[in-house]
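Fold and geometry: a report
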Amino acid sequence: MPSTDSNTSPTPTGSGGQARRARYAAWAHLLDSILPAPDENRLVPVAEVGRASLPFVEESLADVGLRAVVSESRTATGVSRFRVLVPARDADLAEEIVAGF
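This text gives an overview of the structure that appears in the document. As the structure is a computational prediction, the values presented were derived from the model and not from experiment.

Cut-offs used in this document
Residues numbered from 1 in each chain as written. Predicted model: local features only at pLDDT ≥ 70, side-chain atom pairs only at ≥ 80, totals over all residues. Heavy atoms only, no water. Core = buried A, V, L, I, M, F, W, Y, C linked by side-chain atoms within 4.5 Å. Buried < 20%, exposed > 50% of the residue type's maximum accessible area, 1.4 Å probe, protein only. Helix = DSSP H or I, 4+ residues; strand = E, 2+ residues; numbered from the N terminus. Contact = heavy atoms within 4.5 Å. Polar contact = N/O pair within 3.5 Å; in protein donor to acceptor, adjacent residues only side chain to side chain. Pairing = 2+ DSSP bridges.

Now for the nonpolar core. Within the largest apolar cluster, 14 residues are counted, with the highest numbers of intra-cluster contacts made by Val-46, Val-49, Leu-61 and Val-84. Those elements that provide at least two residues to this core are strand 3 (43-49), helix 2 (54-63), strand 5 (80-87) and helix 3 (91-98). For this core, the element with the highest residue contribution is strand 3, accounting for 4 residues. Apart from the residues lying within four places of it in its own chain, the contact partners of Val-46 are Val-84, Val-86, Ala-91, Ala-94, Glu-95 and Val-98.

Spelled out as structure tokens, the structure:
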């Protein structure tokens, strides 16, 4: 039996996965049409490293002219982890450089 709602079109109750994908696609299309394009200067994470690797990651990025922003966090056991962030326009190159760390 189809379910109806004042905000959606009728969808069969037996096709949960398909109906969910269709609703997701509709919302994604709507959001793509109204949201501004992502800023190429926004910071995106490219790696999460420990204290010992951080200087090597920063130097490797500096060697190709990329400057990183580092954000420190701690695990539940108190171990420091460092997220390395770069501008979105440089993310692909930065990910290749820090892949081995």
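The next subject is the side chain of Ser-80. Structurally, Ser-80 can be placed in strand 5. On the basis of relative accessible area, Ser-80 is assigned to the buried category, the value being 11%. In terms of polar contacts, Ser-80 uses its side chain to reach the side chain of Arg-74, at 2.9 Å. Beyond its immediate sequence surroundings of up to four residues, Ser-80 is in contact with Gly-50, Arg-51, Glu-72, Ser-73 and Arg-74.

Right, let's talk about the pairing of strand 4 (residues 69-74) for a bit. Taken together, the 6 bridges between strand 4 and strand 5 define a ladder with antiparallel strand orientation. Within the sheet, the bridge partner assigned to Ser-73 lies in strand 5 and is Arg-81. Remark: 5 residues form the turn of the hairpin made by strand 4 and strand 5, two consecutive strands paired antiparallel; Gly-78 in that turn has positive phi of roughly 90°.

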